[in-house]
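Each chain is listed here by its residues.
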Amino acid sequence: MRRDKPSCVIAFPGLFEVLALEMNVEVPNVNVCNVVHKVNDKRITMDQFMQAAIDEARKGYDAGGVPIGSVLVHQGIIIGRGHNQRQQRGSAILHGEMDALENAGRLAAHVYREAVLYTTLSPCAMCSGAILLYGIPEIVIGENSTFQGEEALLRQRGVTLTVYDDPQCKALMERFIVERPEIWYEDIGESGM
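As the structure is a computational prediction, the values presented were derived from the model and not from experiment.

Of note, the phi angle at Gln75 is positive, near 50°, even though the residue is not glycine. Following the sequence through the fold, Gln75 ends up in the loop between strand E5 (69-74) and strand E6 (77-83). Judged by relative accessible area, which is 65%, Gln75 ranks as exposed. Look at Asp165: it is not a glycine, yet its phi comes out positive at around 55°. Tracing the sequence through the fold places Asp165 in the loop between strand E9 (160-163) and helix H7 (167-179). Overall, Asp165 belongs to the partly exposed group, its relative accessible area being 37%.

Moving on: the environment of Gly82. Inspection of the secondary structure assignment puts Gly82 in strand E6. Linking Gly82 and Gly69, residues 13 residues apart in sequence, is a C-alpha distance of 5.9 Å.

It is worth spelling out the sheet that holds E6 at this point. Read from one edge to the other, the open sheet built from five strands follows the order E6-E5-E7-E8-E9, with strand pairing classed as mixed. The sheet is open, and its two edges are formed by E6 and E9, each paired on a single side. Put simply, the sheet's adjacent strands are angled 15° from each other on average, direction ignored. Sheet analysis places strand E7 (residues 115-121) next to strand E8 (residues 138-143), joined by five bridges and oriented parallel. In the strand pairing of E8, Tyr118 is matched with Val140. Sheet strands touched by helix H3 (residues 96-104): E5, E6 and E7. Its angle to E6, the strand with the most contacts, is close to 130°.

Cut-offs used in this document
- Residues numbered from 1 in each chain as written.
- Predicted model: local features only at pLDDT ≥ 70, side-chain atom pairs only at ≥ 80, totals over all residues.
- Heavy atoms only, no water.
- Helix = DSSP H or I, 4+ residues; strand = E, 2+ residues; numbered from the N terminus.
- Buried < 20%, exposed > 50% of the residue type's maximum accessible area, 1.4 Å probe, protein only.
- Pairing = 2+ DSSP bridges.
- Axes fitted to C-alpha atoms, helices over the stretch in contact; angles between N-to-C directions.
- Contact = heavy atoms within 4.5 Å.

Any functional reading would require information beyond the geometric quantities listed.
Okay, here's the thing in structure tokens:
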């Protein structure tokens, strides 16, 4: 389909190419959501994969846990999804990203190296370590204002990061931190109170 002077910029899931607002562009076979966000001062359309991560975060929140969700995507298909389950399962390590990796099961090394990990919150040191261990080259982050994880380390090691600055992700985390600060600080390994 051809769009003349598109009303929003479209992000291609998995490729993260942002098209300029003023350009006439060919957009073949794109499923466009109508939620628009800013990335690096550019408007983009939120894709289905971040929405799946947000849905996972809500599942965690609804179950009394920390609202962080994640999905692992390979060749445009979600192969693992999860949400923080430290509270629900009494786990020391089941952050959203770790749960998504666990639920993806054992994968060949090349699958991780071709995958994109979507997460509603900036990855902590533990989750960043798993990202580096498996060589996941690209991370899409819902927001990093309530918690800034190991983004500098990931960038230093060549991982491509995209931060959506998503208001849904922020609002869910801010609400949880106000309601359950003791669980939040435990989850990130701080005393905080």
